[in-house]
Amino acid sequence: MRSLPSSARWATLISVAAIGAVILHRFDPASADFYPPCVFHALTGLQCPGCGTTRALHHLLHGDVAGAFRLNAMLFVVAPFGTLAAASRRFATHPVTGWAAVAVTVAWWILRNVYA
């Protein structure tokens, strides 16, 4: 089976992201029932590192940066980190990068539940 050419993969990725953004812009995750709930939060009552990200992205798509930051500040760390990792294979595959990502994520996970 042949794989798609690189340009077709990028076009597919951009199309899927655009469709997702339109749906997220149109339907508020706080009130729409079709967004999946966080299983960790449902089972423990605690917030996982990603809790609030969908709602934060909804706020960002509406230009509410402060509201997005209030829902999940980690999004503002992950977005540039992910962009840099996508742009630089050397950065993405370096062991320090992985350990730093784990350390920051675990620290965020603990702190957001202790100081919530």
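Residues numbered from 1 in each chain as written. Predicted model: local features only at pLDDT ≥ 70, side-chain atom pairs only at ≥ 80, totals over all residues. Heavy atoms only, no water.

Caption draft 1: Quick look at the overall build of the protein. Across its full length, the protein holds seven helices and zero strands. Order of helices (α) and strands (β) in the protein, N terminus to C terminus: α-α-α-α-α-α-α. C-alpha extents for the protein along the principal axes are approximately 50 × 40 × 30 Å. Every one of the 116 residues in the protein was classed for burial, and the buried ones make up 16%. For the protein, long-range pairs separated by at least 24 residues make up 43% of all intrachain contacts whose partners lie at least 6 apart in sequence. (Helix = DSSP H or I, 4+ residues; strand = E, 2+ residues; numbered from the N terminus. Buried < 20%, exposed > 50% of the residue type's maximum accessible area, 1.4 Å probe, protein only. Contact = heavy atoms within 4.5 Å.)

Caption draft 2: Broad picture of the packing of aromatic side chains. The final tally for this structure, using the stated rule, is five aromatic pairs. When the centroid spacing of 5.4 Å and the interplanar angle of 70° are considered together, the rings of Phe81 and Phe91 count as edge-to-face. Placement of Phe81 in helix H5 (residues 75–87) and of Phe91 in helix H6 (residues 89–93) is noted, with a sequence separation of 10 residues between them. One aromatic cluster is present, built from ring pairs that chain together Phe27, Phe34 and Tyr35. The ring of Phe27 carries Arg26 above its face, with NZ or CZ at 5.0 Å from the centroid. (Phe/Tyr/Trp six-rings, centres within 6.5 Å; stacked < 30°, edge-to-face > 60°. Lys NZ or Arg CZ within 6 Å of the ring centre and 35° of its normal.)

Caption draft 3: Molecular detail of the packing of helix H1 (residues 6–26) against helix H3 (residues 53–61). Running from N to C, H1 and H3 point in directions that differ by 90°, and their axes come no closer than 9 Å. By the angle between their axes, H1 is roughly perpendicular relative to H3. Across from Ala21, Leu24 and His25 in H1, the residues of H3 making contact are Thr54, Leu57, His58 and Leu61. (Axes fitted to C-alpha atoms, helices over the stretch in contact; angles between N-to-C directions. Parallel < 35°, antiparallel > 145°, perpendicular 65-115°, else oblique.)

Caption draft 4: Examining the environment of His25 more closely. Among the structural elements, His25 can be located in helix H1. Considering only alpha carbons, one finds His25 and Cys38, 13 residues apart in sequence, at a separation of 20 Å. Here His25 is in contact with His58, Leu61 and His62, once residues within four sequence places are set aside.

Caption draft 5: The arrangement of the side chain of Asn72 in detail. Residue position: Asn72 is located in the loop between helix H4 (65–71) and H5. According to the relative accessible area criterion, Asn72 is buried, its value standing at 1%. A polar contact is formed between the side chain of Asn72 and the backbone oxygen of Cys51, at a distance of 3.1 Å. Within the structure, Asn72 has its side chain in polar contact with the side chain of Thr53 (distance 2.8 Å). Beyond its immediate stretch of four places on either side in the chain, Asn72 contacts Pro49, Gly50, Cys51, Gly52, Thr53, Ala56, Trp108 and Arg112. (Polar contact = N/O pair within 3.5 Å; in protein donor to acceptor, adjacent residues only side chain to side chain.)

Caption draft 6: Representation of the side chain of Arg112. By secondary structure assignment, the location of Arg112 is in helix H7 (residues 95–114). For Arg112, which is buried and forms no salt bridge, the nearest opposite charge comes from Asp64, at a distance of 15 Å. Side-chain polar atoms of Arg112 contact the backbone oxygen of Pro49, separated by 3.4 Å. Look past the residues within four positions of Arg112 in its chain and what remains in contact with it is Gln47, Cys48, Pro49, Gly50, Cys51, Leu71 and Asn72. (Lys, Arg positive; Asp, Glu negative; His and termini not counted. Salt bridge = Lys/Arg side-chain N within 4 Å of Asp/Glu carboxyl O.)

Caption draft 7: A nonpolar patch on the surface, seen in detail. A grouping of Trp99, Val102, Val106, Trp109, Ile110, Leu111, Val114 and Tyr115 is seen on the molecular surface, where their side chains present a nonpolar patch of about 880 Å² in accessible area. We classify Trp99 as exposed; its relative accessible area is 66%. (Patch = residues over 30% accessible without salt bridge, like charges linked within 9 Å, V, L, I, M, F, W, Y side chains within 5 Å. Areas by Shrake-Rupley, 256 points an atom, 1.4 Å probe, with all protein chains shown as cover.)

Just distances and angles here, no functional claims.
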